[in-house]
Amino acid sequence: MEAEHTGIEEKKLTGGALSPERRRLGLSLKLAIWLTGFILLVMLLFSTIFYSSTKNMLYGFYCENAQKALQLATAKISGDEVRRYIQQGYIDKSFVDRDAYFRSLKKTFNLLFFYIVIPYEDHVMYIYDAFNEGDNSETFSEFGDTDAYAASVEPGNNGAMRRTMAAGKMLPTFDIGKNDRYGTIASVYAPILDKNGESVALFCADYQLQTLEDAIKGLVRKSIGITMGLLVVLVLIYMYVMNRFTLQPLRRLTAYASSFVAQRREGEAGQNDLPILESIQGSRNDEIGDLAHSFLEMNKDMEQYETDLKMVSAAKQAIETELNVASRIQMMMLPRVFPPFTPADHFAIFATIEPAKSVGGDYYDFYKLDEDHVAVTIADVSGKGMPAALFMVIAKTIMKDRLQVMCGEPLGAIVKTINEELIATNEEMMFVTAFIGVLEVGTGTFRYVNCGHNPLFRYTPGQGFARFPQAKNCFLGVMDGMDFTEQTMEIAPGGYLYMYTDGVTEAMNVNHALYAEDRLEACL
C-alpha cells in the first residue's frame, strides 16, 4: 500500500491603492523635511564657525592695535622712572607731557582703559591711569590704588601679567575678562624695562569687546534670518519641481502597479494605462523613464506568461486526465470483487490499495492455479508514478504467467525464472520487492518466497499475531543467476496472514515520525 499526504497553503494577492493607515507622509513632504533639517544643520554649523572665526579675527585685530599703542607708550617711559615714583610715593610734574601723550594714544586707539600697574601675588597696584574728558570717573584709579579684580580672573590676568613681567617683552596673547559695567574686556600687556632690561611695571591696554560681540551676534542673526527666508523659497520651489516632475509620474506608476494584479484577476487586459506609461517612458530620460520601461516590459512578460500558463495548464490538465484514466485502468487490473471465492472454498481473501499518486508501483494479486492451490502475490516496484506503474504491469504479467505455467514445480525455481525474465526487460534498472506464496487449501500448507519484501504477520488462534521469520532473498530484477529460498508454514483453521508494503510502515506523521512495524504489530 502506498500513502502520501501533501498540504498546500494558498495565498491571494490583492491589488489596489495603499491604505490611509500606511501612507502617513508623502514622499514630497518627507524629502522637504529632510532637506530642511539638513539645511538647518548646515546653517547652524556655518553660523557657529562664522561667529567663532569672525570674533577671533576681530579680537586679533584689536589686540594688534593695542600692542601698537603699548609699543608707542613704553617708548616714552622707563622702569627707572617708575621705580623712582614708587620710592617717592607720587608722580612728579615731569610726567605731565607724557600724560597728554598717553591720553591721546588712548583716544586714538579707542581704548577703554590705558594704565600702568605693578602686579603682586593677590593684587595689582596702580601707578598711572590715563583719563580723558568724558571717561567715567568712578573707574579712574589714582597712584597707589590697588585692585584685586585682575587677580580673580581665570585663567588670571595676574598670572598673565607675571608671565609678561618675567619674559621682559610683550607676549602675543591677550586675556579675556568680564566686568559688570562694561561686559567682556580684552587686556594686552607690555613690560616697562629699566636700564638693566629688568621688568619694573606693566603698561596695560583694555578693549571693550561686549559691543563687538553684540555686533557679531546681530550679524549672525541677520544672516540666519536671510538664510531662513531663502530656505522657505527654496523648499517651495523644490516641492513644486519635485511634485511636477517626479511625484506625479511616480503616482501614475504606483496606481498602475496597485491595480495591475486586480485587473489581471478580473480578466482585464490592463491596456488602459499603457499609453500613460509609454508617454512617461518617451518623455523621461532618467530613472523614472527606466521604471516606466520596466513596467511596460513587465506587462509584456505577464501577457506572455499568461499565454504560456494557459498552454501549460491545458497540457497539465490533459496529462491529469490521462493519468486518471491510467489509474482507473491500473485499478481494473487488480482483483476488486470481495469476497472473491465462495464459502465452499474454505478460505477468504481481502485486499485494498491507496496509491500515493494517480498511478504507482505497488500491487497485489491472487488467483487459483487449480482447484486446490491459490497463488497470492504482493509487490512494490521501486519509484512512483508512471514508470513504476508500467514496470508493475510487466512484473504482474510475468509473475502470473510463470506461476500458472510452472504450477507444480518448486516455488524457488519459479521465482528464479521470474527474476531472469524481469532482468531481460529491465533497461531502466528498476527492481521489485515481492512476497509470492501458494496456498494448498486442503492441508493449509503455505509455501512462499520473500524477495526483499516486508515480513508478513501470522495470526494463530489462541496466540495472536506474530512476525513470521523470513529467509533473506534478493530483490527481483536486480541480478541474474540468483537462487531464491522457499519456505513453508502451516495455517491452522481460524488463522490468517497479513501482508503489506512499506507504504504502511514508512508513513509519517506531522512530526516526520515513521509508523514502523512495531506499531503495526501492536495495532494488529
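Just above sits the structure.
Being a predicted model, the structure only gives us computed values, none of them experimental.

What to know about the pairing of strand β2 (residues 124–129)
Judged by how many residues are buried, β2 sits mostly within the fold: 6 of 6 residues are covered. Sheet topology places strand β1 (residues 113–119) next to β2; 5 bridges connect them, and they run antiparallel. Among the inter-strand pairings, valine 117 is bridged to a residue of β2, identified as tyrosine 126. Counted along the chain from β1 to the antiparallel partner β2, the turn is 4 residues long. In this structure, β2 lies alongside strand β3 (residues 146–147), joined through 2 bridges in antiparallel fashion. Across the sheet, residue valine 124 finds its bridge partner in β3, namely aspartate 147.

Topic: the sheet that holds strand β11 (residues 457–460)
If you trace the 3 strands from one edge of the open sheet to the other, you get β12-β11-β14, paired in antiparallel fashion. Two strands in the sheet have a free side with no partner beyond their single neighbour: β12 (464–467) and β14 (496–498). Here the strands of the sheet are splayed against their neighbours by 30 degrees on average, with no regard to which way each runs. By the bridge criterion, 3 bridges tie β11 to β14 in an arrangement that is antiparallel.

Describing the packing of helix α9 (residues 385–405) against helix α10 (residues 411–424)
Angle between the axes and distance between the axes: these two values describe a pair of packed helices. Packing of α9 against α10 leaves a shortest axis separation of 10 Å and a crossing angle of 145 degrees. As α9 runs across α10, the sense of the crossing is right-handed. Between α9 and α10, the residues in contact are Phe391, Ile394, Ala395, Ile398, Met399, Arg402 and Leu403 and Leu411, Ile414, Thr417, Ile418, Glu421 and Leu422, respectively. For the contact of α9 with α10, the per-class residue count stands at 10 nonpolar, 1 polar and 2 charged.

Details of unusual backbone geometry
Excluding glycine, most residues fall at negative phi; most peptide bonds, likewise, are trans. A positive phi angle is found at asparagine 110, which is not glycine, with a value near 55 degrees. Along the chain, asparagine 110 falls in the loop between α3 (96–108) and β1. Of note in the backbone geometry, alanine 516 takes a positive phi value of approximately 70 degrees without being a glycine. Counting through the fold element by element, alanine 516 comes out in helix α12 (residues 516–523). Classification of alanine 516 by relative accessible area gives partly exposed; the value is 29%.

Here's the deal with the nonpolar core
In this structure, Val432, Ile436 and Leu476 are the most contacted members of the largest nonpolar core, which totals 47 residues. Counting only elements with at least two residues in this core, the list comes to β7 (362–368), β8 (373–381), α9, α10, β9 (432–440) and β10 (445–451). If one sorts the elements of this core by residue count, α9 sits on top with 7 residues.

Observations regarding a nonpolar patch on the surface
Taken together, Val233, Ile237, Tyr240, Val241 and Phe245 make up a surface patch of nonpolar side chains, about 480 Å² in accessible area. Within the element layout of this structure, valine 233 appears in helix α6 (residues 210–265).

Examining the pattern of salt bridges
Scanning the model with the defined rule gives 14 salt bridges in all. Note that glutamate 81 is salt-bridged to arginine 98, the shortest N-O span being 2.4 Å. Pair noted here: glutamate 81 is in helix α2 (residues 79–88) and arginine 98 is in helix α3, with a separation of 17 residues, a long-range link. The residues glutamate 81 and arginine 98 share a single accessibility class, namely buried. The residue aspartate 99 makes a salt bridge to arginine 103 at a minimum N-O spacing of 3.1 Å. With a gap of 4 residues between them, aspartate 99 and arginine 103 both fall in helix α3, about one helical turn apart. Each member of the salt-bridge network shares a partner with another, and the members are Arg467, Glu517, Asp518 and Glu521.

Reading the values: rules and limits
- Numbering of residues starts from 1 in every chain and runs along the sequence as written.
- Since the coordinates come from a predicted model, pLDDT governs what is reported: local features require at least 70, and pairs of side-chain atoms require 80 or more to be given and counted, while whole-chain, interface and lining totals use all residues.
- Note that water and hydrogens are dropped before the side-chain values are worked out from all heavy atoms of the structure.
- Throughout, exposure labels follow a simple rule: accessible area from a 1.4 Å probe, protein chains only, divided by the maximum for the residue type, with under 20% read as buried, over 50% as exposed, and the rest as partly exposed.
- Only DSSP runs of H or I reaching four residues or more are called helices, and only runs of E reaching two or more are called strands; each is numbered from the N terminus.
- At least two bridges found by DSSP between two strands are what make those strands a pair.
- To define axes, lines are fitted to C-alpha atoms, for helices over the stretch in contact only, and angles between the resulting N-to-C directions are given on a 0 to 180 degree scale.
- For a crossing to be left-handed, the near helix must be turned anticlockwise from the far one by less than a right angle; the clockwise case is right-handed.
- The contact definition used throughout considers only heavy atoms, calling two residues in contact when any of these lie within 4.5 Å.
- Nonpolar residues are Ala, Val, Leu, Ile, Met, Phe, Trp, Tyr, Cys and Pro. Charged residues are Asp, Glu, Lys and Arg, and all others, Gly as well, are polar.
- Only buried residues count toward a nonpolar core, which is a set of Ala, Val, Leu, Ile, Met, Phe, Trp, Tyr and Cys residues joined through side-chain atoms within 4.5 Å.
- Each patch is built from residues that are more than 30% exposed by relative accessible area and take part in no salt bridge. Like charges join if they lie within 9 Å; nonpolar side chains (Val, Leu, Ile, Met, Phe, Trp, Tyr) join within 5 Å.
- In these tables, accessible area is a Shrake-Rupley quantity obtained with a 1.4 Å probe, and a residue counts as shielded only by the protein chains included in the view.
- Salt bridge criterion: a side-chain nitrogen from Lys or Arg within 4 Å of a carboxyl oxygen from Asp or Glu.

Read these as spatial facts, not as claims about activity.
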